[in-house]
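Architecture and fold: a report
Each chain, written out:
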Amino acid sequence: MNFPILSTLIFLPLLSSLFIFLSRDKKNNFSSIYISLFSSIATFLLSLFLWYSLDVNTADFQFVEDKSWINDFIKFKLGVDGISILFIVLTTFITPICIISCINSVKERVKEFLIAILVLETFMIGVFCSLDLVIFYLFFEGGLIPMFLIIGVWGGSRKVYSAFKFFLFTLLGSVLMLVGIIVIYWLTGTTDITQIYEIQIPEEYQNLLWLAFLSSFAVKMPMWPVHTWLPDAHVEAPTAGSVILAAILLKMAGYGFLRFSIPMFPLASEFFTPLIYSLSIIAIIYTSLVALMQEDMKKLIAYSSVAHMGYVTLGIFTLTKQGIEGSIYQMISHGLISAALFLCVGVLYDRLNSRLISTYGGLVNYLPKYSFLFLVFALAALGLPGTTGFLGEFLILTGTFQKSYLAAMLATVGVVLGAAYMLWLTKRLIFGVTKNSSIETLSDINKSEIIMLGTLAFFVIFFGFYPAPLMDTFNVSVNSLIDNYQLALNGR
Amino acid sequence: MEYAIIFLPLIGSIIGYLGKSITKLFSEIFTSLLVSISAILSIIVFWNGIQKSNYDNYQIIEWISSGDFVANWSINIDPLSSVMLVVVTFVSALVHIYSIGYMSHDPHKPRFMSYLSLFTFSMLVLVASDNFLQLFFGWEGVGLCSYLLIGFWYKKETANNAAIKAFIVNRIGDFGLAVGIFLIFFFFGSINFEEVFQAAPQFAEKKLLFSGFELNLITLICLFLFIGAMGKSAQFLLHTWLPDAMEGPTPVSALIHAATMVTAGVFLVVKCSPLFEYSQVALNVVTIVGMITAVFAASVALVQNDIKKIVAYSTCSQLGYMFFAAGVGAYHVAIFHLFTHAFFKALLFLGSGSIIHAFKDEQDIRNMGGIRKKLPFTYILMLVGTLALTGFPFLSGFYSKDAIIEFAYLRNSSLGNYAVLIGIFTAFLTSIYSWRLFFKTFHGSYNNKKIPINETHESPIIMLIPLFFLGIGALFAGFLFKEIFIGHSSKDFWQASIFFMNEINHEHIPLWLLLITPVLVVISIPLTFYYYIYNTKFLEEFKNTSLPLYNFLLNKWYIDELYDLVFVNPIKKIGSFFWKKGDVGTIDRFGPDGISKLIKIISSKAGKLQTGFIYDYAFVMLLGLSILLTYLILN
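Each value, and the rule that gives it
- Residues numbered from 1 in each chain as written.
- Chains lettered and ligands numbered in written order.
- Predicted model: local features only at pLDDT ≥ 70, side-chain atom pairs only at ≥ 80, totals over all residues.
- Heavy atoms only, no water.
- Helix = DSSP H or I, 4+ residues; strand = E, 2+ residues; numbered from the N terminus.
- Rg over C-alpha atoms; globule rule 2.2 N^0.38 Å.
- Buried < 20%, exposed > 50% of the residue type's maximum accessible area, 1.4 Å probe, protein only.
- Contact = heavy atoms within 4.5 Å.
- Areas by Shrake-Rupley, 256 points an atom, 1.4 Å probe, with all protein chains shown as cover.
- Lys, Arg positive; Asp, Glu negative; His and termini not counted.
- Charge placed at Lys NZ, Arg CZ, Asp CG, Glu CD.
- Core = buried A, V, L, I, M, F, W, Y, C linked by side-chain atoms within 4.5 Å.
- Buried area = accessible area lost by both parts, 1.4 Å probe.
- Salt bridge = Lys/Arg side-chain N within 4 Å of Asp/Glu carboxyl O.
- Polar contact = N/O pair within 3.5 Å; in protein donor to acceptor, adjacent residues only side chain to side chain.
- Expected span 1.5 Å × (residues − 1).
- Patch = residues over 30% accessible without salt bridge, like charges linked within 9 Å, V, L, I, M, F, W, Y side chains within 5 Å.
- Disulfide = S-S within 2.5 Å.
- 1 Å grid on protein atoms, 1.4 Å probe; cavity = no way out; pocket = protein on both sides within 12 Å on 5 of 7 lines; lining within 4 Å.
- Points joined across faces, edges and corners; volume = space filled by probe spheres on them.
- Phe/Tyr/Trp six-rings, centres within 6.5 Å; stacked < 30°, edge-to-face > 60°.
- Lys NZ or Arg CZ within 6 Å of the ring centre and 35° of its normal.
- Axes fitted to C-alpha atoms, helices over the stretch in contact; angles between N-to-C directions.
- Parallel < 35°, antiparallel > 145°, perpendicular 65-115°, else oblique.
- Left-handed = near helix turned anticlockwise from the far one by under 90°.
- Nonpolar A, V, L, I, M, F, W, Y, C, P; charged D, E, K, R; others polar.
- pLDDT = per-residue confidence, 0-100.

**What to know about the overall build of chain A**
The secondary structure content of chain A amounts to 20 helices and 2 strands. On C-alpha atoms alone, chain A measures out to a radius of gyration of 22 Å, which is about the 23 Å that the 2.2 N^0.38 rule sets for 492 residues. Dimensions of chain A, computed from C-alpha atoms along their principal axes, come out at roughly 70 × 55 × 40 Å. Each of the 492 residues in chain A was classed as buried or not, and the buried ones make up 69%. Here the analysis covers contacts within chain A between residues at least 6 apart in sequence; of these, 81% occur between residues at least 24 apart. For chain A, the exposed area adds up to about 16,200 Å²; of that, 66% sits on carbon and sulfur atoms. Once the 27 positive and 29 negative side-chain charges of chain A are each reduced to a mean point, those two points are 11 Å apart.

Quick look at the structure:
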């Protein structure tokens, strides 16, 4: 195919943000909202088409575009395979939902907010399409800027502190990755990922390079102990910002492990597996316990995200079929569930301007539809079978068990804790007697909110019962990932 | 037909709730109707099984496939699951009908009926599974419905807490079940029941190193599976949720916490008999836990005053019976007791519901008494239920419970003999607490101060009809199905669905063993009547002289308090500690906040260096120049 479909996908949101920038409407920002909604849905449809026409029976990169960019030194190389396509679709699916959520929650500078979201979308899609380290780095870091602005401009009371914390944490991690990329270029003479795959990077460099990449991914993931920026960033970010942060930005690191760390540094990946196991398990148990004691809804969900991401890192580095597939599945699932939970918090915040759990209670009496949907997502988050939350965790644990009994059993403890904090949250928010009289005046969720949450609930349940569309997509790519890894280990 | 059995309750659940505004009674009638059809179809399937051995496995669609980890949505009909289908749908249909009357004043009745149907669906999915993963789905699904129904009256703080407790304690059990499944998949490479069971003999001797101990693989798997069963079936140490679960509406207690969900653990052990039979250690553990639970729960039931809690502890105790039956290898007897227990325990719960209804939500038996004339039908049906539970000769409990004791005896091992003793002793306790409950509510003087006796009333007909059906079951189920379930030809019925390593031969059982339980049971009736109604002083005095013992039992052996002390409070403290001292106090303090503070300090120091006076700068320049020169000269 000659048509540059991936470039179109990447730059469509950027282009439409330009349109919004040029558009002039002082009243209600109607045209901005419609342009952004229209373009993001078009992007989504395009990505669906891409998914549909992707050949899932091969692990090769498809729709590859290869243009020289700077003197043949850096190539603008794009391509997708069975793993990255799902992240692209997740991104393009979540973005329109974020834009709908803006209608209710963003009160000022709507136009600029939409521009930031669309620019961010460009960067995010770019990350998942890049087949060149430098391009990847640019997209990966570029996404920081709009996110930084979203938190810093539209955030809550401590927005500046949170925005800087977010920025510094992620930037410091990434600097080392940049050094790593330079070293790789120096060693191999290329930054083209597919070419680097062919070359075995010398063993003595692998460990250091792996650590350089880890420093960036660990912060983004986030892994314990560099996770503390996440609760603060979430708390201060506006709803749409939290949704994108949890649903997509956190997935970049997991994707990074799969795309870079494991195929490029297989020996180091094996060497550092115990480290990852330990950090993941600490993350799962530690943050679950911390989540249990939170008084702020957003912080609670943010900490639960860290625990869920702990499962992902655990699963990826089992390097078993079930572990990796479970991790990819868990990332998609968490993308849907955490997005929904943050939207749910946003619905309440829009109405009462409070994130404290103690403000609420007995919501089911006055917001029955909302309460039902919240319960669905809470149950999905605690991994109830029949939702996407279950299969990911269960596959990861199955995979982990084949490598380490102890790790798997400890991680399974997190499943019990997960039930505890989610159900306790639900009880304090939804059930019980309505103590706060201002709740009685609240209106139940409106149409746009039902559309957002209903769609997410549908997919959470649908893929929980019938995950085949997802599993079939990445099946072959994961097989080849594991085969190559084994080959590298055997060839040592 | 098999599809209809499973999916009708699901359809009922969804449409019944969505269509609540069609007419006033739509939800209750629609859900009850569909579950009733499902019940009739189940009986047909069960009957076809007995007559023609019509069993099959229906694959619906693939659920998950990741490498060898493959699970399908399936409906597996074998003798074991067909029995469970009947129990589940039959009791469920009656509970649905009963609820129409019981919940008639509740504004959230459609939601209630919908949950009941959803529960029925999950339970059917559980018993009709052909692999461990679908079983796990049903397992957690029933847990969810239990959570929703216990917390049905969501305004009650206690109900919400009980609901969460039930879910989390079950999750601890599920942890064991999950680890069991991981082990099975790792070694057997499959999670399909049939494939696993076929491969079991090859692994009989396999040892493995598990956290430093060398253990038999099958034993380990069975123990983990049993942890799951303990959670769901409220066995000792994981039982604490069941009494609290009585916060839910009474029909829920009858369906979920007596007849069906709590028996899922027994079902699991029996289903996995091809694994358990290869591990004597695991079987012994099952027996011991079952025995402890049977005695423990019966002892606690002796002194409780809440009518539902008494019945709940009784359930716990009877589940203990089922487990030690399974533990001594009499799986078919365990299922037989499960079968008969479903009838009389559901009857007792629904009967209690009828009494509670009559007293307008009074549950304390000290505030009841002397109402046998006001509630004649309930009285008779409760009498039937009590007789059946205590194992009065020729009622259903008699056949199943005595069979458990007899088979324990036939095991001819020391553990089996202990089980016999415990079984007989517990039967005696069971009899005492059951009759205490019965006499204190229906006989003696009327003790309620809030409601005059004339205002108590018999329940409406729609609540009595289900009681009547259950009463028939409690009377005859034992007698009618004895031969099929546990008789000499029972092997023809169970076929391969239950696996016996060693045939238990129906030897001669001594006469004293056959007689001792029925005799004790019969004696206990006048005894109980005398001490609880006729001459209450003796027990009062006994209570006062042995107050520690009484309090120990009244407070359920202080296990809840122990858990609060050992688990709940420390976990909360650790959570706060990690948050305040770990995240905020350490990582942030020395991480980002520390660095930014450091930079601030350095920059303010650096700022002070810029004095603006030319001689300061000149001095620094001279200093630098001299250092540079020294360096160059030395080189």
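**Brief notes about the nonpolar core**
Formed by 416 residues in total, the largest nonpolar core has its most connected members in B:Phe188 and B:Leu275. Each residue touching B:Leu275, except ones within four places of it in the same chain, is listed here: B:Ile184, B:Phe188, B:Val196, B:Phe197, B:Ala200, B:Ile218, B:Ile221, B:Cys222 and B:Leu225.

**Concerning the side chain of A:Ser371**
Residues and elements named next belong to chain A. Within the fold, Ser371 resides in helix H16 (residues 368-381). Look at Ser371 and you get buried, because its relative accessible area is 3%. Look past the residues within four positions of Ser371 in its chain and what remains in contact with it is Leu363, Val364 and Ile430.

**With respect to the interface of chain A and chain B**
With 56 residues of chain A in contact, the opposing surface of chain B contributes 53 residues. Counting the surface lost from both chain A and chain B, the interface buries some 5,000 Å², and carbon and sulfur atoms represent 74% of this. Looking only at chain A, the three residues that lose the most surface to chain B are A:Phe394, A:Phe401 and A:Tyr405, adding up to 13% of its buried area. Counting across the chain A and chain B interface gives 1 salt bridge. At the junction of chain A with chain B, the criterion picks out 10 residue pairs in polar contact (both at pLDDT 80 or more).

**A closer look at the environment of A:Ile145**
Residue and element names in this part refer to chain A. Locating Ile145 in the fold gives a position in helix H6 (residues 144-154). Residue classification places Ile145 among the partly exposed positions, given a relative accessible area of 48%. Taking the C-alpha atoms as reference points, Ile145 and Ala116, separated by 29 residues in sequence, lie 9.0 Å from one another.

**Brief notes about H16(A)**
Relative to the 20 Å expected for 14 residues at 1.5 Å per residue, H16(A) spans 20 Å between its end C-alpha atoms, a close match to the ideal helical length. The buried fraction of H16(A) amounts to 11 of the 14 residues, a majority that puts the element mostly inside the structure. All of the buried residues in H16(A) are A:Tyr370, A:Ser371, A:Leu373, A:Phe374, A:Leu375, A:Val376, A:Phe377, A:Ala378, A:Leu379, A:Ala380 and A:Ala381. Elements in contact with the buried residues of H16(A): helix H14 (297-316), helix H15 (321-352), helix H17 (388-403), helix H18 (405-429) and helix H19 (447-465) of chain A together with helix H5 (132-150) of chain B. The positive-phi residue at the C-terminal boundary of H16(A) is A:Gly383, with phi of around 80°.

**Notes on a nonpolar patch on the surface**
Taken together, the side chains of A:Phe458, A:Ile461, A:Phe462, A:Phe465, A:Tyr466, B:Tyr3, B:Ile60 and B:Ile61 make up a nonpolar region of the molecular surface, amounting to roughly 660 Å² of accessible area. With 4 residues, the single largest contributor to the nonpolar patch is H19(A). Residue class for A:Phe458 comes out partly exposed when judged on its relative accessible area of 48%.

**Description of the state of the cysteines**
On inspection of all chains with the given rule, the structure shows 0 disulfides over all chains. Lacking any disulfide linkage, B:Cys222 is separated from the closest cysteine sulfur, that of B:Cys272, by 7.3 Å.

**Examining the layout of surface pockets**
By volume, the second largest pocket is sized at about 1,300 Å³. The set of elements that each furnish at least two residues to the lining of the second largest pocket consists of H18 of chain A together with helix H6 (157-188), helix H8 (217-232), helix H9 (241-244) and helix H24 (559-590) of chain B.

**Focus on the environment of B:Ala297**
Residues and elements named next belong to chain B. Secondary-structure assignment places Ala297 in helix H13 (residues 280-301). On the accessibility criterion, Ala297 (0% relative accessible area) is buried. Sequence separation between Ala297 and Ser317 is 20 residues, and the spatial gap between their C-alpha atoms is 5.0 Å. Here Ala297 is in contact with Tyr313, Cys316 and Ser317, once residues within four sequence places are set aside.

**Side note on the packing of aromatic side chains**
Overall, the coordinates contain 87 aromatic pairs over all chains when judged by the stated rule. With 5.3 Å between their ring centres and 20° between their planes, A:Phe87 and A:Phe128 make a pair best called stacked. Remark: A:Phe128 occurs in helix H4 (residues 110-129) and A:Phe87 occurs in helix H3 (residues 84-105); sequence separation between them is 41 residues. A single burial state applies to A:Phe87 and to A:Phe128, both of which are buried. On the basis of an interplanar angle of 70° and a centroid distance of 5.7 Å, the ring pair of B:Tyr147 and B:Phe167 is categorised as edge-to-face. A residue pair is termed long-range when its members are at least 10 positions apart, and B:Tyr147 in helix H5 and B:Phe167 in helix H6 qualify at 20 residues. Note on B:Tyr147: relative accessible area 4%, which makes it buried. Overall, B:Phe167 belongs to the buried group, its relative accessible area being 4%. When the ring centre of A:Phe140 is taken as reference, the NZ or CZ atom of A:Lys220 above it lies at 3.9 Å. Of note, A:Arg428 hangs over the ring of A:Trp424, and the distance from its end group to the ring centre comes to 3.9 Å.

**Quick notes on the packing of H13(B) against helix H14 (residues 307-327) of chain B**
Residue and element names in this part refer to chain B. It is at 7 Å that the axes of H13 and H14 come closest, and there the two elements cross at 160°. Judged on the interaxial angle alone, H14 and H13 are roughly antiparallel. Considering the relative orientation of H13 and H14, their crossing is left-handed. When H13 is examined against H14, the residues Leu283, Val286, Thr287, Gly290, Met291, Thr293, Ala294, Phe296, Ala297, Ala298, Val300 and Ala301 are found in contact with a partner set consisting of Ile310, Tyr313, Cys316, Ser317, Gly320, Tyr321, Phe323, Phe324, Ala326 and Gly327. Classifying every residue of the contact of H13 with H14 gives 16 nonpolar, 6 polar and no charged.

**A closer look at the packing of helix H13 (residues 273-292) of chain A against H14(A)**
Residues and elements named next belong to chain A. Between H13 and H14, the least distance of the axes is 8 Å, while the angle of their chain directions is 160°. Looking at the two axes, H13 sits roughly antiparallel to H14. In the crossing of H13 with H14, the sense of the turn from one axis to the other is left-handed. Across the interface between the two elements, Ile276, Tyr277, Ser280, Ala283, Ile284, Thr287, Ser288, Val290 and Ala291 of H13 pack against Leu300, Tyr303, Ser304, Val306, Ala307, Gly310, Tyr311, Thr313 and Leu314 of H14. Partitioning the contact of H13 with H14 into residue classes produces 12 nonpolar, 6 polar and no charged.

**Structural notes on empty space enclosed by the protein**
Throughout the structure, instances matching the rule amount to 8 cavities of 30 Å³ or more. Its volume calculated, the largest cavity comes out at about 140 Å³. Together, 14 residues line the largest cavity, and A:Phe390, A:Phe394, A:Val415, B:Phe136 and B:Ala178 are the ones closest to its centre. Secondary-structure elements contributing two or more residues to the lining of the largest cavity are H17 and H18 of chain A together with H5 and H6 of chain B. In terms of residue count, the dominant contributor to the lining of the largest cavity is H6(B) (5 residues). Taken together, the residues of the lining of the largest cavity sort by class into 8 nonpolar, 2 polar and 4 charged.

**Details of the confidence of the model for chain B**
Mean pLDDT over chain B stands at 85; residues scoring 70 or higher make up 99%. With a pTM of 0.89, the predicted complex shows an ipTM of 0.88.

**A short note on the environment of B:Phe193**
Residues and elements named next belong to chain B. Following the sequence through the fold, Phe193 ends up in helix H7 (residues 193-199). Assessed through its relative accessible area of 4%, Phe193 is described here as buried. When residues no more than four places from it in sequence are discounted, the contact partners of Phe193 are Ser129, Asp130, Asn131, Phe132, Leu135 and Lys271.

**Looking at the pattern of salt bridges**
All names here are of chain A. Within this structure, the stated rule accounts for 17 salt bridges over all chains. With a closest N to O distance of 4.0 Å, Lys75 and Asp66 form a salt bridge. For Lys75, a relative accessible area of 19% corresponds to the buried category. Across the pair Asp192 and Lys77 runs a salt bridge, and its minimum N-O distance is 3.0 Å. Here Asp192, found in the loop between helix H7 (159-188) and helix H8 (193-198), pairs with Lys77, found in strand S2 (residues 74-80); they are 115 residues apart in sequence, far enough to count as distant. Grouping residues by exposure puts Asp192 and Lys77 together as buried. Among the charged side chains, a network of salt bridges with common partners joins Asp66, Lys75, Lys77 and Asp192.

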